[in-house]
Amino acid sequence: DEVLSQFSSANVIDAGGRAVCPSFVDPHTHIVFGGNRLAEFEQKIKGADYLEILAAGGGIISTVRQTREADLAELIDESRGRLDKMLACGTTWCEVKTGYGLDTETEIKMLEAIAALDRDHSVELVPTFLGAHAVPPEFREHTPDYVDLICSEMLPAVWNWYRNSHFPSAGKLIFCDVFAEKNAFDTGQSERILDTARQLGFRLKAHVDEFTNIGASRMAIGLNAASIDHLDQISEGEIALLAASETIGVITPTVNFNFGSSTFANARDLIDAGCAIALSTDYNPGSAPCPSQPMAMAIACRYQRMLPAECLNATTINAASAIGVVGVTGSIEVGKRADLLILNATDHREIMYEFGGGPVGTVISAGEQVWPPAADRP
């Protein structure tokens, strides 16, 4: 009544007693890629693990091959469909990584796709350069040489691309990420890449402790990374460091679920220790083909003992902090964008309680209703 006494509107949305919450932010995705990994899905069902598939030339390398072959229009078109799915699940902001090019030309092509989608899709995108996602086939026995290429050629080229893109004027940062893991990049190589990126002006992220603990969480926290992601094998000492830092810990329960694993990152211990935790789908073609933050939240409640309110916090305000947009979105408060969801529920806990359905009724981005599409509305 107070608002309506001061303002009028040509368009009034009646939530009908349903719950309203901030729209979701997904702080870790790989949605720009060519092709698919359907054959690999069957290999996993038969028992092959991630590192075995990667060592045999599958996994990330398979997607690298298909992404190099795809032209820019194909990448944009295929990725737009993935964003449509995310929007229908309530996500209005997401981070998108490169990392399926592993050469300067294709990594820039992926960034061009991210920029084009950011300009014309309702989901707001934040770019991350992940040239250190895997060692490409042409450098299979020469990882140090590939690290040299990343530091001397790829990072400067990407930074120059970012400066000439629309992202700075839109107030969006660019991040640099690295897959610090056995059979990928060791801690020293990862630190060199991230430190080089930091000196150029990138904000930092790191894939750490997904399969093995090689000390990468400690390294990335020491470099003031905005987030460290996965954390399945993080040590107690590193948990204490994370709790005392400004770094967000991003967990990705959809990966473990997709692997058929019974072991997940210990979110309960992380939260109880004082760490700020964000949740992500890690939407990608191999380890987590999932567009739904509600699904990630449902898994986190059951397997990681996160409470519904903690999951909602982890997919909104904390996730926004992990990608540098916490001053713009992630909560309903004066001065921020009206990025809102009207749920098909009267209680936010139903997002996680009833899984596998469609908990989101209406998606509003910057004050505009963007889902369902206008043609599908009553």
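Residues numbered from 1 in each chain as written. Predicted model: local features only at pLDDT ≥ 70, side-chain atom pairs only at ≥ 80, totals over all residues. Heavy atoms only, no water.

(A) Spatial organisation of helix α6 (residues 104-120). Between the first and last C-alpha of α6 there are 25 Å, a value that for 17 residues agrees with the 24 Å anticipated at 1.5 Å per step. By the criterion of burial, α6 is predominantly enclosed, with 13 of the 17 residues buried. (Helix = DSSP H or I, 4+ residues; strand = E, 2+ residues; numbered from the N terminus. Expected span 1.5 Å × (residues − 1). Buried < 20%, exposed > 50% of the residue type's maximum accessible area, 1.4 Å probe, protein only.)

(B) The arrangement of the environment of Ala243 in detail. Relative to the helices and strands, Ala243 resides in helix α10 (residues 236-243). Residue classification places Ala243 among the partly exposed residues on the basis of a relative accessible area of 27%. The spatial distance from the C-alpha of Ala243 to the C-alpha of Leu270 is 7.9 Å, given a sequence separation of 27 residues. Look past the residues within four positions of Ala243 in its chain and what remains in contact with it is Ala273, Gly274 and Cys275. (Contact = heavy atoms within 4.5 Å.)

(C) How the structure looks around the packing of aromatic side chains. For the coordinates displayed, the defined rule picks out 8 aromatic pairs. Between Phe139 and Tyr146 the ring centres are 5.4 Å apart and the planes differ by 45 degrees, which places this aromatic pair in the tilted class. Considered together, Phe139 and Tyr146 belong to a single accessibility category, that of buried residues. Measuring from centroid to centroid gives 4.9 Å for Phe264 and Tyr303, while their planes differ by 20 degrees, and the two rings are stacked. With Phe264 in the loop between α11 (253-258) and α12 (267-272) and Tyr303 in helix α13 (residues 293-303), this residue pair connects regions lying 39 residues apart in the sequence. Joined through ring pairs, the aromatic side chains of Phe139, Tyr146 and Phe185 make up one cluster. Between Arg82 and the ring centre of Phe33, over which it is positioned, the NZ or CZ distance is 3.5 Å. In this arrangement the basic side chain of Lys205 is found over the ring face of Phe175, its NZ or CZ atom lying 4.9 Å from the centre. (Phe/Tyr/Trp six-rings, centres within 6.5 Å; stacked < 30°, edge-to-face > 60°. Lys NZ or Arg CZ within 6 Å of the ring centre and 35° of its normal.)

(D) Summary view of the sheet that holds strand β3 (residues 91-97). Strand order in this open sheet of 8 strands is β2-β3-β4-β5-β6-β7-β8-β9, and the pairing throughout is parallel. Whereas interior strands pair on both sides, the edge strands pair on one side only; in this sheet they are β2 (24-26) and β9 (277-279). Going across the sheet, the axis of each strand differs from the next one's by a mean of 25 degrees, ignoring polarity. Direction of pairing for β3 relative to strand β4 (residues 124-132): parallel, over a ladder of 5 bridges. Bridge pairing in β4 places Val96 opposite Pro127. Contacting β2, β3 and β4, helix α5 (residues 72-88) runs over the sheet at an angle of about 140 degrees to β3. The strands that helix α7 (residues 143-163) touches are β4 and β5 (175-178); relative to β4, the one it contacts most, it runs at about 150 degrees. (Pairing = 2+ DSSP bridges. Axes fitted to C-alpha atoms, helices over the stretch in contact; angles between N-to-C directions.)

(E) Looking closely at the pairing of β5. Alternating residues of β5 divide into Phe175 and Asp177 and Cys176 and Val178, and every residue in both groups is buried. By the bridge criterion, 3 bridges tie β4 to β5 in an arrangement that is parallel. What sits directly across from Thr128, in β5, is Phe175. At this point the chain moves from β4, through α7, to the parallel β5, and the crossover so formed is right-handed. Bridge count between β5 and strand β6 (residues 203-208): 2 bridges; the pairing is parallel. Bridged to Cys176 within β6 is Leu204. A crossover connection joins β5 to the parallel β6 through helix α8 (residues 187-200); in handedness this β-α-β unit is right-handed. (Right-handed = clockwise from strand over helix to strand, strands pointing away.)

(F) Structural view of the environment of Val126. Residue placement: Val126 occurs in strand β4. Non-local contacts of Val126, meaning those with residues more than four positions away in its chain, are made with Trp93, Cys94, Glu95, Val96, Leu173, Phe175, Ile323 and Val325.

(G) View of the packing of α6 against α7. Close contact between α6 and α7 brings their axes to 10 Å; oriented N to C, the two are set at 25 degrees. One element, α6, and the other, α7, form an angle in the roughly parallel class. The way α6 lies across α7 gives a crossing that is right-handed. Residues Thr104, Glu107, Ile108, Leu111, Glu112 and Ala115 of α6 form the contact with α7, whose participating residues are Glu153, Met154, Ala157, Val158 and Trp161. Classifying every residue of the contact of α6 with α7 by side-chain character gives 7 nonpolar, 1 polar and 3 charged. (Parallel < 35°, antiparallel > 145°, perpendicular 65-115°, else oblique. Left-handed = near helix turned anticlockwise from the far one by under 90°. Nonpolar A, V, L, I, M, F, W, Y, C, P; charged D, E, K, R; others polar.)

(H) Inspection of the pairing of β6 at higher detail. β6 sits mainly inside the fold: 5 of its 6 residues count as buried. Here β6 pairs with strand β7 (residues 227-230) via 4 bridges, running parallel. By the bridge assignment for β7, His207 is matched with Asp229. Each parallel crossover has a hand, and for β6 linked through helix α9 (residues 216-222) to β7 it is right-handed.

(I) Inspection of the sheet that holds strand β12 (residues 368-371) at higher detail. Pairing within the open sheet is antiparallel, and its 4 strands lie in the order β1-β10-β11-β12. Looking at which strands have only one partner, the edges of the open sheet turn out to be β1 (20-22) and β12. Direction aside, the axes of adjacent strands within the sheet are offset by 30 degrees on average. Where strand β10 (residues 340-343) and strand β11 (residues 360-365) come together, 4 bridges link them in antiparallel fashion. Each bridged residue has a counterpart across the sheet, and for Leu343 the counterpart in β11 is Val360.

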